[in-house]
Amino acid sequence: MHTPSTTTLAWILLIVAGLLEIVWAIALKQSDGFSRLWPSVLGLATAAISFALLTLALKDLPAGTAYAVWVGIGALGVAAVGILALGESASPARLGCLLLILIGVVGLKFVEN
């Protein structure tokens with residue numbers, strides 16, 4: 001049964017899963033194609049935890065909403081790390097597209113049944 005407390009916990013798990021997606025994506029970037037041990041281990045371990053938390057969140061949240069929010073948090077976070085720490089482009093067009101992702105992720109929270 002979906003109670004307000006289980007739904008709140010599901011959202012917390014989903015947010016943590018999305019934040020871990022940022023960690024594993026950046027770690028895998030730093031692993032240089034799995035040629036560096038510790039970034040590879042970190043990337044694979046955090047990916048497994050992120051998937052597990054997403055799976056738990058899916059027990060109480062709609063699949064489409066949960067997956068879109070999980071991917072959105074990851075995409076926004078990885079793009080932010082890329083811009084702030086890896087010297088990737090922060091062009092107005094790129095920032096505008098990222099803003100659209102943010103609007104979609106926040107919007108899904110508000111229209112969730």
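Heads up: the structure comes first, above all this text.
Residues numbered from 1 in each chain as written. Predicted model: local features only at pLDDT ≥ 70, side-chain atom pairs only at ≥ 80, totals over all residues. Heavy atoms only, no water.

## Side note on the nonpolar core
Reasoning step 1: One finds Leu-14, Leu-54, Leu-61 and Val-69 to be the most contacted residues of the largest nonpolar core, which totals 17 residues.
Reasoning step 2: Secondary-structure elements contributing two or more residues to this core are α1 (4-30), α2 (37-57) and α3 (63-85).
Reasoning step 3: If one sorts the elements of this core by residue count, α1 sits on top with eight residues.
Reasoning step 4: Once you skip the residues sitting within four places of it in the chain, Leu-54 turns out to touch Leu-14, Ala-17, Ala-66, Tyr-67 and Trp-70. (Core = buried A, V, L, I, M, F, W, Y, C linked by side-chain atoms within 4.5 Å. Buried < 20%, exposed > 50% of the residue type's maximum accessible area, 1.4 Å probe, protein only. Helix = DSSP H or I, 4+ residues; strand = E, 2+ residues; numbered from the N terminus. Contact = heavy atoms within 4.5 Å.)

## Quick look at the pattern of salt bridges
Reasoning step 1: Counted under the stated rule, the structure contains one salt bridge.
Reasoning step 2: Here Glu-88 makes a salt bridge to Arg-94, at a shortest N to O gap of 3.2 Å. (Salt bridge = Lys/Arg side-chain N within 4 Å of Asp/Glu carboxyl O.)

## Section: the packing of aromatic side chains
Aromatic rings considered in pairs are described by the distance between their centres and by the relative angle of their planes.
Reasoning step 1: The full count for this structure, using the stated rule, is three aromatic pairs.
Reasoning step 2: Among the aromatic residues, ring-to-ring pairing joins Trp-24, Phe-51, Tyr-67 and Trp-70 into one connected group. (Phe/Tyr/Trp six-rings, centres within 6.5 Å; stacked < 30°, edge-to-face > 60°.)

## Comments concerning the environment of Ala-52
Reasoning step 1: Here Ala-52 shows up in helix α2.
Reasoning step 2: Each C-alpha atom of the pair Ala-52 and Leu-13 lies 9.5 Å from the other, and the pair is 39 residues apart in sequence.

## Overview of the packing of α2 against α3
Describing two packed helices takes the angle between their axes plus the distance from one axis to the other.
Reasoning step 1: α3 packs onto α2 with a crossing angle of 150° between their chain directions and a minimal axis gap of 10 Å. Classified by the angle their axes make, α2 and α3 are roughly antiparallel. Our pair here, α2 against α3, has a crossing hand that is right-handed. Where α2 approaches α3, its residues Ser-50, Phe-51 and Leu-54 are matched on the opposing element by Ala-66, Tyr-67 and Trp-70.
Reasoning step 2: When grouped by side-chain class, the residues that make up the contact of α2 with α3 number five nonpolar, one polar and no charged. (Axes fitted to C-alpha atoms, helices over the stretch in contact; angles between N-to-C directions. Parallel < 35°, antiparallel > 145°, perpendicular 65-115°, else oblique. Left-handed = near helix turned anticlockwise from the far one by under 90°. Nonpolar A, V, L, I, M, F, W, Y, C, P; charged D, E, K, R; others polar.)

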